[in-house]
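If you want the building blocks of each chain, they are given just below.
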Amino acid sequence: MLTEHYIDNIQVLSILKSFWPVWLLAAGGLLIMFLAFLKALIRIEVCGYITTALFLGALFGFAGHLTNFTQASTSFLIVDPYGSFLAIVICLVGAVISMLAISYFKRQEERIGEIFSLLLFSAVGMCLMVMTTHLLTLFIALEVMSLSLYVLVGVQRQAFISSEGALKYFVLGSAASSFLLLGIALFYGATNSLSVQGSLGVTLVKPFDLYLKLGIVLLILGFAFKVGAVPFHFWTPDVYTGAPYPITGFMATGVKVAAFGALLRVLQYTFNLFPVPSIRLVTLLSLATMIVGNLAALRQTNLKRILAYSSIGHAGYLLLGVVAYLSQLQGQAAGDVGPILFYLLTYCLMTLGTFAILSTLAKGSEEAVELNDLAGLASRKPFVAGLLAIFLFSLAGLPPTVGFVGKFYLFKQAVMMGHVSLVVVAVLTSAISFYYYVAPIVAMYFKTGDKVTITWINPLALTLVAMLALSILYLGIKPSQYLVLTNMAFMATNL
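What you see is a predicted model, and the numbers here were worked out from it, not measured in a lab. (Residues numbered from 1 in each chain as written. Predicted model: local features only at pLDDT ≥ 70, side-chain atom pairs only at ≥ 80, totals over all residues. Heavy atoms only, no water.)

**Let's talk about the overall build of the chain**
Phase 1 of the analysis: Scanning the chain for helices and strands turns up 19 helices and five strands.
Phase 2 of the analysis: Split into buried and exposed, the 495 residues of the chain put 60% on the buried side.
Phase 3 of the analysis: Surface summary for the chain: the accessible area is close to 19300 Å², and the carbon and sulfur share equals 70%. (Helix = DSSP H or I, 4+ residues; strand = E, 2+ residues; numbered from the N terminus. Buried < 20%, exposed > 50% of the residue type's maximum accessible area, 1.4 Å probe, protein only. Areas by Shrake-Rupley, 256 points an atom, 1.4 Å probe, with all protein chains shown as cover.)

Below is the structure:
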């Protein structure tokens, strides 16, 4: 009994030591929740700056794990380079969004400091999703992330469109969670294990093989909803439209990082049990998502809906990377997730910059949400218009931006694995996307108007956005920097 108690204490100490960045975010969420109640004493800026500091502290903690090749695991959680890399991206997203949210929500009629607490709790769920192979832990982490996002989407209680988006997200998100939960139940019934690692070497007999295959399919479909893949994308435009700009940016980036990170872990361990159908299913999802996302965006005039369908299209490109990764596993080779991770990072940089600029624009007392609202912005605010143009060109994948480099390496890997026709579709849809990405630029530079004003002049936030733009150009002009990130990603291939 004494020995067992000693071992338990050692395990607890190991968990606290290795996973301290996650616990830092969780403790910070509780702290901000308490401070938010003291509205008369604590201003919303204080909550925002504390939240930013917590995200940066956790980021440096995960960076230490990555550079020191830290490895630690329990029955429920894993610390490895793969999870640390993705957690760094999540914390980077959280820090940028927190800075943007300070200025954005400060000018709102109702200043809600609790949003920063919800950002932290959502990030906790995201980090746990990429740091576990235990399906029950994964589901709990996903629900922690999702429940926080449901509230964040509807945080502007006076706006009907915000409440409508939150309700739709909650209802459809609950349906997706039921897919995942049923898939987990079938997986457990077939393998007698809730760990995807436990499925390695499992020999199945009928009817348990059918239960397992159906369970894997449901898991993939559940993740497809979270990343906004077609045909589970219907919630995305309405939710993006209803949410405030900083929250939309957080959803568009952080959720993708967490969902794709968790999906790769699940597929890496379960692929040998269901190889060919898994590739076919992900291929169909990728093909439909690229086509529908980019074509639907052509008809949009609302900026948020354009970016929503853009997000769907980029999910299709990332699913193309997943197809290439699974093809490597099918060939009994070690899968290289480097291109996927790099594309996730570049997509976060581009999208964060775009939402950062748009969150500063207002038409009177309302958000600037239509293309025509940007008319004449370049003549009045050339620096802001130039930054937005850089982010949009990068999203379109034009050189010399990092968006071009990310797509190049992602498509190159797919071609090497024989998915030429899928890459042709990806290139064509990427060319189509240029039309709706250039539409805001045309409005800024070639139309006249004075509908929008700059509502935020925060030197620190402006510097942050400028650094995002410079990083996009620097990595695009000197793609050799990709090799540095590839080395980190290569460590992550040992999932």
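**Describing the packing of aromatic side chains**
Phase 1 of the analysis: The final tally for this structure, using the stated rule, is ten aromatic pairs.
Phase 2 of the analysis: With centroids separated by 5.1 Å and ring planes inclined at 85°, the aromatic side chains of Tyr150 and Tyr169 adopt a geometry described as edge-to-face. Of this pair, Tyr150 sits in helix 6 (residues 135-153) while Tyr169 sits in helix 7 (residues 160-191), and the two are 19 residues apart along the sequence.
Phase 3 of the analysis: Residue Tyr169 is classed as buried on the basis of its relative accessible area, which comes to 2%.
Phase 4 of the analysis: Geometrically, the ring pair formed by Tyr436 and Tyr437 is tilted, given 4.6 Å between the ring centres and 45° between the ring planes.
Phase 5 of the analysis: Taking relative accessible area as the criterion, Tyr437 reaches 3% and is therefore assigned buried.
Phase 6 of the analysis: An aromatic cluster of three or more residues is present, and its members are Tyr150, Tyr169, Phe170, Phe225 and Trp235. (Phe/Tyr/Trp six-rings, centres within 6.5 Å; stacked < 30°, edge-to-face > 60°.)

**Re the packing of helix 12 (residues 303-330) against helix 13 (residues 338-358)**
Phase 1 of the analysis: Helix 13 packs onto helix 12 with a crossing angle of 175° between their chain directions and a minimal axis gap of 11 Å. Between helix 12 and helix 13, the angle is such that the two are roughly antiparallel. Within the contact between the two elements, helix 12 uses Leu303, Leu307, Ser311, His314, Tyr317, Leu318, Gly321, Val322 and Tyr325 and helix 13 uses Ile340, Tyr343, Leu344, Tyr347, Thr354, Phe355 and Leu358.
Phase 2 of the analysis: Class assignment for the residues of the contact of helix 12 with helix 13 results in twelve nonpolar, four polar and no charged. (Axes fitted to C-alpha atoms, helices over the stretch in contact; angles between N-to-C directions. Parallel < 35°, antiparallel > 145°, perpendicular 65-115°, else oblique. Contact = heavy atoms within 4.5 Å. Nonpolar A, V, L, I, M, F, W, Y, C, P; charged D, E, K, R; others polar.)

**Concerning a nonpolar patch on the surface**
Phase 1 of the analysis: Taken together, Leu147, Leu167, Phe170, Val171 and Leu172 make up a surface patch of nonpolar side chains, about 450 Å² in accessible area.
Phase 2 of the analysis: The greatest single-element share of the nonpolar patch, amounting to four residues, is contributed by helix 7.
Phase 3 of the analysis: In this structure, Phe170 sits in helix 7. (Patch = residues over 30% accessible without salt bridge, like charges linked within 9 Å, V, L, I, M, F, W, Y side chains within 5 Å. Salt bridge = Lys/Arg side-chain N within 4 Å of Asp/Glu carboxyl O.)

**Let's talk about the pattern of salt bridges**
Phase 1 of the analysis: Enumeration according to the criterion identifies four salt bridges in this entry.
Phase 2 of the analysis: With its nearest N and O atoms 2.9 Å apart, the salt bridge here joins Asp238 to Lys168. Remark: Lys168 occurs in helix 7 and Asp238 occurs in helix 9 (residues 235-242); sequence separation between them is 70 residues.
Phase 3 of the analysis: By relative accessible area, Lys168 is classed as partly exposed at 30%.
Phase 4 of the analysis: Of the charged contacts in the structure, one is a salt bridge between Arg305 and Asp238, with a shortest N-O distance of 3.2 Å. Residue Arg305 is found in helix 12, and its partner Asp238 is found in helix 9; the two are separated by 67 residues along the sequence.
Phase 5 of the analysis: Take Arg305: its relative accessible area is 23%, and that puts it in the partly exposed class.
Phase 6 of the analysis: Judged by its relative accessible area of 26%, Asp238 falls in the partly exposed class.
Phase 7 of the analysis: Salt bridges sharing partners connect three or more residues here, namely Glu164, Lys168, Asp238 and Arg305.

**Digging into the confidence of the model for the chain**
Phase 1 of the analysis: In the predicted model, the chain carries a mean pLDDT of 83, and the fraction of residues at 70 or more is 84%.
Phase 2 of the analysis: Predicted confidence for residues 1-9 stays below pLDDT 50, and this span has zero contacts to residues more than four positions away or in other chains. (pLDDT = per-residue confidence, 0-100.)

**Thoughts on the side chain of Ser162**
Phase 1 of the analysis: One can find Ser162 in helix 7.
Phase 2 of the analysis: Using a relative accessible area of 0% as the deciding quantity, one classes Ser162 as buried.
Phase 3 of the analysis: Among the polar contacts listed, one links the side chain of Ser162 to the backbone oxygen of Gly242, at a separation of 3.5 Å.
Phase 4 of the analysis: Setting aside residues no more than four positions away along its own chain, Ser162 makes contact with Val153, Gly154, Val155, Gln156 and Gly242. (Polar contact = N/O pair within 3.5 Å; in protein donor to acceptor, adjacent residues only side chain to side chain.)

**Thoughts on the packing of helix 4 (residues 81-106) against helix 13**
Phase 1 of the analysis: For the pair helix 4 and helix 13, interaxial distance at closest approach is 11 Å and the crossing angle is 5°. With respect to helix 13, the axis of helix 4 lies roughly parallel. Taking contact as the criterion, the partners of Tyr82, Phe85, Leu86, Val89, Leu92, Val93, Val96, Ile97 and Leu100 in helix 4 are, on helix 13, Leu341, Leu344, Leu345, Cys348, Leu349, Leu352 and Ala356.
Phase 2 of the analysis: Across the contact of helix 4 with helix 13, the residue classes break down as 16 nonpolar, no polar and no charged.

**Notes on the environment of Ala324**
Phase 1 of the analysis: On the secondary structure map, Ala324 appears in helix 12.
Phase 2 of the analysis: By relative accessible area, Ala324 is classed as buried at 0%.
Phase 3 of the analysis: With 87 residues separating them in the primary sequence, Ala324 and Phe411 have C-alpha atoms 9.0 Å apart.
Phase 4 of the analysis: Not counting chain neighbours up to four residues away, the residues in contact with Ala324 comprise Gln413, Ala414, Met417 and His419.

**Let's talk about the nonpolar core**
Phase 1 of the analysis: Within the largest apolar cluster, 171 residues are counted, with the highest numbers of intra-cluster contacts made by Leu25, Phe62, Phe116, Met129, Met251 and Leu326.
Phase 2 of the analysis: For this core, the leading source of residues is helix 4, giving 18 residues.
Phase 3 of the analysis: With residues near it in sequence (within four places) discarded, Leu25 still touches Leu54, Phe55, Ala58, Cys91, Leu120, Ala123, Val124 and Cys127. (Core = buried A, V, L, I, M, F, W, Y, C linked by side-chain atoms within 4.5 Å.)

**A few points about unusual backbone geometry**
Leaving glycine out, the prevailing phi sign among residues is negative, and the prevailing peptide bond configuration is trans.
Phase 1 of the analysis: Look at the link from Val230 to Pro231: it is a cis peptide, with omega at 10°.
Phase 2 of the analysis: With respect to the element layout, Pro231 can be found in the loop between helix 8 (208-226) and helix 9.
Phase 3 of the analysis: With an omega of 5°, the peptide bond running from Pro399 to Pro400 counts as cis.
Phase 4 of the analysis: Mapped onto the elements, Pro400 comes out in the loop between helix 15 (382-396) and helix 16 (402-416).
Phase 5 of the analysis: One non-glycine residue with positive phi stands out, namely Asn192, at about 60°.

**Some thoughts on the side chain of Thr236**
Phase 1 of the analysis: The residue Thr236 is located in helix 9 in this model.
Phase 2 of the analysis: For Thr236, the residues in contact, after removing those within four places along its chain, are Gly228, Ala308 and Ile312.

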